[in-house]
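Fold and geometry: a report
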Amino acid sequence: MSILLTGGAGYIGSHTAVELITAGFEVIIVDDFSNSSPEVLNRLKTITGQNIPFYEGTILDKTFLNNIFYENDIEAVIHFAAFKAVGESVEQPLKYYKNNITGTITLLEVMNAHKVKNIVFSSSATVYGINNISPLTEELPTSATNPYGYTKVMMEQILIDVAKADPEWSVTLLRYFNPIGAHESGLIGEAPNGVPNNLVPYITQVAVGKLKELSIFGDDYNTLDGTGVRDYIHIVDLAKGHVLALKQNLGAQGSDIFNLGTGKGYSVLELVKAFEAENHVAIPYVIKPRRAGDIATCYADASKANKKLGWKAQKTLQDMMRDSWRWQSQNPNGYQ
Ligand code: UFG
């Protein structure tokens, strides 16, 4: 029996593959490399000592997906495959709705046809929208401010409705806060296409000399130092959360939702200082106006995952800063 990872060559998928294999699961990866690289598979082989079965293609292709389910004995799916750039989603909404929503529906139809009814889904803290107050708990109302966020809200709803309609389904929605860091081998990590949108890849690219300076988007928020506060979580902690969520999912029915965060927020300036202190590299920055759509503060109430899954983030901010830098400094151009 195998676990199929859609988008398994991506940042979160690849780290989850490692932790699943460590926990004794057999893994199959499907990926279209739209935001990842074939080199990831070589790196995964070095880390795990295994040739992970791999299929290149898109989950929009039903025949392709069907074939994977015919050829393998799949027990459950962890569904990572989705586009995730907020700004691009505003400019190209149909690209996002088609890939994320139609891709998910196609996957669910194929799973249904093959009677594979266990799924763990990559959701995001973005579904808490801009009006809920941190710490964020799972039962708060969801909303969105951009097409990317709406796709996450809609995919969650589709999955909840599927589980409601057919009690054989077991659906687990994982709401990620801000994953950063990298595997401690330095072999896999986050490799954004083009100029990074997210804070930590931007910082590491400044550190490695690819970008001149960091722009800090706003220093007039109602936070300790005026810069935005987020719940940064080490990617390996996040990946381990998937293993525990999967184990719980395999014995469950219906749907359940878990925040995967640390429960603690850090500001942009705190993060910059922690990176400099841990790695002895200077990060020049300038203060810029607020970025559209950003909120002051976002962090998790992570107690539900602790109670029901026995999961808790273990790694410190220093671990996250050190591992992010090891990955970037050893791979200045990502997987290229
Ligand atoms: N920031 C900067 N400069 C940058 C990039 C970011 O100052 O160059 C700031 C942002 O304003 C924010 C913080 O750093 O205060 C974190 O920003 P990120 O872009 O790294 O992360 P976000 O919290 O905006 O978004 C992330 C994911 C989304 C997800 C969201 C859920 O990128 O996909 O968390 O809360 F939806």
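Described in the following lines is the structure provided in the data block. Model, not experiment: these values are computed from the prediction.

1. Overview of the overall build of the protein
Counting secondary structure elements, the protein contains eleven helices and 14 strands. For the protein, the C-alpha radius of gyration of 19 Å lies close to 20 Å, the compact-globule estimate for 336 residues. C-alpha extents for the protein along the principal axes are approximately 55 × 45 × 40 Å. The buried share of the protein, reckoned over its 336 residues, is 55%. In the protein, the share of contacts with a sequence separation of at least 24, taken over all contacts with a separation of at least 6, comes to 80%. On the protein, roughly 14,300 Å² of surface is accessible, and the fraction owed to carbon and sulfur atoms is 50%. Averaging the locations of the 28 positively and 35 negatively charged side chains of the protein gives two centres separated by 2 Å.

2. Quick notes on the packing of aromatic side chains
Overall, the coordinates contain five aromatic pairs when judged by the stated rule. Ring centres of Trp327 and Tyr335 lie 5.0 Å apart, and the angle between their planes is 50°; on these two criteria the pair is classed as tilted. On the basis of relative accessible area, Trp327 is assigned to the buried category, the value being 4%. Of note, Lys264 hangs over the ring of Tyr266, and the distance from its end group to the ring centre comes to 4.7 Å. When the ring centre of Tyr221 is taken as reference, the NZ or CZ atom of Arg290 above it lies at 4.0 Å.

Calculation criteria
Residues numbered from 1 in each chain as written. Predicted model: local features only at pLDDT ≥ 70, side-chain atom pairs only at ≥ 80, totals over all residues. Heavy atoms only, no water. Helix = DSSP H or I, 4+ residues; strand = E, 2+ residues; numbered from the N terminus. Rg over C-alpha atoms; globule rule 2.2 N^0.38 Å. Buried < 20%, exposed > 50% of the residue type's maximum accessible area, 1.4 Å probe, protein only. Contact = heavy atoms within 4.5 Å. Areas by Shrake-Rupley, 256 points an atom, 1.4 Å probe, with all protein chains shown as cover. Lys, Arg positive; Asp, Glu negative; His and termini not counted. Charge placed at Lys NZ, Arg CZ, Asp CG, Glu CD. Phe/Tyr/Trp six-rings, centres within 6.5 Å; stacked < 30°, edge-to-face > 60°. Lys NZ or Arg CZ within 6 Å of the ring centre and 35° of its normal.

Such coordinate-based values are descriptive only and should not be taken to indicate function.
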